[in-house]
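# Structure assessment
Here are the chains, one letter per residue:
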Amino acid sequence: MAYIGKSLSTGAGGYIGTGLDRAIRARPNFVINGDMQCWQRATAATAANNSYATVDRWAFGESTDGAYTSEQSTDTPTGTGFSVKAQVTTADTSIAAAQFAYIYQEIEAQNLQPLQYGTSSAKTLTLSFWVKSNKTGTYTIVIVKRDSTAYFIPVEYTISSANTWENKTITITPTAGSTSLITASAGAIANDNGHGIQLGFGLAWGSNYHGTSNTWSASTHYGTSNQVNWMDSTSNNFYLSQVQLEIGDLATAFEHEDFATTLAKCQRYFKKSSGLADDDAWTNIINVIELGYMRTTPTITTTVSTGANAVFTAFAGLGGAPVHGVYQSTANNALAQAYIDAAAEL
């Protein structure tokens, strides 16, 4: 089964789990950048585009007749750090059957091997997070086991008080809803660099995506019929921070990492370079960029910031090493500067 409840407290604002739970969690949080530390792409309000727009590792799905943005916010449950704020900019008061809006993170398959999905030893997961919105009511989270055979489980939770940070805990067992999908062989997650699990926070779901709360299904059940239509007013906002997904049936204290550690994890999937330069009339000047071992060969996007006539061309895999670069192939008789984005997202 899956259930929602409060974590056990140490009395000092922390959360506890059993000794066995803690022993299992060599890497407690499967979510990367759950406290919204890293923002390589943008911090200002940016339209949701069914992809990555602002905060690292978080994507913003939107397929309605309305629109919303995401941005960095210093409004947090602890008064320090950051949250991600979503804001409706164009309202849609009636969500059609195939429409949706949600915030999600894709988790790499090989990082999820401790779950032992696809076996009778499959582990229970606990999701904890802080959330705040002016719009109260029933919301849903969803976990999608994407690898090979896809299975879905939406779980409802309630935002009870408007404009108030609330801590939520949701525990999901591999047999939630008296099902055996996850413990059967098709529930396995491959040990590779592909899609493993998608964790999503619903904002609006059309009827095509409605299922039963707390129940695994082979159908595309991302939400339930009780999910509020958060898209119904331009007054609506939604804040999210300190998201943690871990093995066990209790939420532990949020795993705060130093910035460098979180940034390094994010840069496996996306990395923005420092400036590249080429001077005057030179051509075929190579700028080598060490990108590190990204999830897969990245897509390189080059933006010329000065020297509009310069042409920078990307190349990859220099000498078999994880090295990329760009070279200026056209003289422009002036200083040329460019930046690159390297994307290897799931």
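Residues numbered from 1 in each chain as written. Predicted model: local features only at pLDDT ≥ 70, side-chain atom pairs only at ≥ 80, totals over all residues. Heavy atoms only, no water.

### Quick look at the nonpolar core
Going by this rule: Note on terminology: a nonpolar core comprises buried Ala, Val, Leu, Ile, Met, Phe, Trp, Tyr and Cys residues joined through side-chain atoms within 4.5 Å. Think of it in three bands: with a 1.4 Å probe and only protein chains considered, a residue is buried below 20% of the maximum accessible area for its type, exposed above 50%, and partly exposed in between. A run of H or I in DSSP counts as a helix once it spans at least four residues, and a run of E counts as a strand once it spans at least two, with each numbered from the N terminus.
Residues Tyr68, Phe129, Phe201, Trp230, Phe238 and Val243 are the most contacted members of the largest nonpolar core, which totals 52 residues. Elements represented by at least two residues in this core include exactly strand E6 (83–90), strand E7 (100–108), strand E8 (125–133), strand E9 (137–145), strand E10 (151–159), strand E11 (166–172), strand E12 (195–205) and strand E13 (237–247). In terms of nonpolar packing, the next biggest core, distinct from the first, is built from eleven residues, Phe100, Tyr102, Val144 and Trp205 among them.

### Things to note about the pairing of E9
For clarity, the cut-off: Note on pairing: DSSP must find at least two bridges between two strands before they are called paired.
Within E9, eight of the nine residues are buried, which leaves it mostly tucked inside the rest of the structure. Taken together, E9 and the strand that follows it, E10, pair antiparallel across an intervening segment of five residues, in which Ser148 is found at a positive phi of about 55°. As defined by bridge partners, E9 adjoins E12 across five bridges and the pair is classed as antiparallel. Looking at E12, one finds that Lys145 is bridged to Ile197.

### Points about the sheet that holds E10
Backbone-to-backbone hydrogen bonds join strands into a sheet, with any given pair of strands oriented parallel or antiparallel. Across the sheet, six strands lie side by side as E3-E4-E7-E12-E9-E10; this open sheet has antiparallel pairing. Edge positions in the sheet fall to strand E3 (51–52) and E10, since each of these pairs with one other strand and no more. Summarising the sheet, E7 and E12 pair through nine bridges and their orientation is antiparallel. Note that in E12 the partner of Glu106 across the bridge is Gln198.

### Details of the environment of Ile143
Put simply, the test is: Contacts are assigned to residue pairs that have any heavy atoms within 4.5 Å of one another.
Among the structural elements, Ile143 can be located in strand E9. For Ile143, a relative accessible area of 1% puts it in the buried group. Taking C-alpha positions, Ile143 is 5.7 Å from Gln198, a pair spaced 55 residues apart along the chain. Discounting residues that sit within four places of it in the chain, Ile143 has contacts with Leu125, Tyr151, Phe152, Ile153, Ile172, Ile197, Gln198, Leu199, Trp216 and Leu245.

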